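# Notes for the structure review
Each chain, written out:
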Amino acid sequence: MGKLHTISRGYRHGTRNKFAKKYRTKGMPGTSRYMATFKRGDYVDIVVDSSVQSGMPFSFYHGRTGIVFNVNRNALGVEVTKIVGNRQLRKRLHVNIAHVRKSRCNEGFLKRVKENDQKKRDAKLQGESVSVKRQPEGPKDMKIVKATEDDVEVLAPLPFIENYF
């Protein structure tokens, strides 16, 4: 008979589990989601909230991290990198605030910068020079194991004995 139905490839195809809301989180987002302030240059995570259909990004961008390049009344311009073939494209998309949250990807770096600046200030007051470069851990220190001959047990396989019954 052949194919009786068309395979639908709509805008939200294949998102049954990706856009599904977790247990006890159904319904519209709270007001605190809309009260968050975003500035240009901030790192944000795009996490789609399926209860808000307006300004919803395409499913590929769900879970991606980008940088804010534009701030509107109720949307953010986010720049995300996408690998296409052998190159990285910088995609710019406008996303509703409900689908965006502040990213924590930069926290460790900012903390390290703060600590390094403090170290430099302290060293300058004492008149020293300090290196703030990260150094690899390197190999562990050597250890000498001491044991008597009675404690040492040599593990070796038993000799093979042919049995012809």
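See above for the structure.
Presented here is an overview of the structure given in this document.

The rules behind each value
- Per-chain numbering applies: the sequence of each chain, read as written, is numbered from 1 onward.
- Reporting of local features is limited, given that this is a predicted model, to residues whose pLDDT is at least 70; pairs of side-chain atoms are given and counted only at 80 or more, and all residues count toward the totals for whole chains, interfaces and linings.
- Water and hydrogen atoms play no part in the side-chain values, which are based on all heavy atoms of the structure.
- Under the DSSP-based scheme used, a helix requires at least four consecutive residues in state H or I and a strand at least two consecutive residues in state E, with every element numbered from the N terminus.
- For the radius of gyration, the atom set is restricted to C-alpha positions; the globular benchmark scales as 2.2 Å times the number of residues to the power 0.38.
- Here, two residues are considered to be in contact whenever any of their heavy atoms come within 4.5 Å of each other.
- Values of accessible area rely on a 1.4 Å probe in the Shrake-Rupley scheme; residue burial ignores everything except the protein chains shown.
- Positive residues here are Lys and Arg, negative ones are Asp and Glu, while His and the chain termini are left out of the count.
- Here the site of a charge means atom NZ of a Lys, CZ of an Arg, CG of an Asp or CD of a Glu.
- What makes a salt bridge here is a side-chain nitrogen of Lys or Arg within 4 Å of a carboxyl oxygen of Asp or Glu, nothing more.
- Throughout, nonpolar core names a set of buried Ala, Val, Leu, Ile, Met, Phe, Trp, Tyr and Cys residues whose side chains join them through atoms within 4.5 Å.
- Exposure classes here rest on a 1.4 Å probe applied to the protein chains alone. A residue is buried below 20% of its type maximum, exposed above 50%, and partly exposed in between.
- Expected span of a helix, by definition, is 1.5 Å for each gap between consecutive residues, and there is one gap fewer than residues.

## What to know about the overall build of the chain
When helices and strands are counted, the chain shows 2 helices and 5 strands. What you see in the chain, going N to C, is helices and strands ordered as α-β-β-β-β-β-α. Computed over the C-alpha atoms, the radius of gyration of the chain is 29 Å, more than 25% above the 15 Å expected from 2.2 N^0.38 for a compact globule of 165 residues. With the C-alpha coordinates of the chain rotated into their principal frame, the extents come out at 80 × 80 × 40 Å. Put simply, of all contacts in the chain between residues at least 6 apart along the chain, 54% involve residues at least 24 apart. In the structure as shown, the chain presents an accessible area of about 14,700 Å², 53% of it carried by carbon and sulfur atoms. Charge separation in the chain, taken as the distance between the mean sites of 34 positive and 16 negative side-chain charges, equals 22 Å.

## Describing the environment of valine 80
Looking at the element boundaries, valine 80 is found in strand 3 (residues 75-84). Residues contacting valine 80, with those up to four places away along its chain left out, are Ile46, Tyr61, Arg64, Thr65, Gly66, Leu89, Arg90, Lys91 and Leu93.

## Quick notes on the pattern of salt bridges
Evaluated as defined, the whole model comprises 5 salt bridges. The shortest N-O distance in the salt bridge between arginine 33 and aspartate 49 comes to 3.5 Å. Placement of arginine 33 in helix 1 (residues 31-35) and of aspartate 49 in the loop between strand 1 (43-46) and strand 2 (64-71) is noted, with a sequence separation of 16 residues between them. Close ionic contact of glutamate 79 with arginine 90 constitutes a salt bridge, the shortest N to O distance being 3.4 Å.

## Comments concerning the nonpolar core
Of all hydrophobic cores here, the largest spans 12 residues; its members are Phe38, Val44, Ile46, Tyr61, Val68, Leu76, Val78, Val80, Leu93, Val95, Ile97 and Val100. No other element matches the 3 residues that strand 3 contributes to this core.

## Regarding helix 2 (residues 107-126)
In a regular helix each residue adds 1.5 Å, so 20 residues correspond to 28 Å; helix 2 covers 29 Å between its end C-alpha atoms and thus fits that length. Of the residues flanking the end of helix 2, it is glycine 127, one or two places downstream, whose phi is positive at about 75 degrees.

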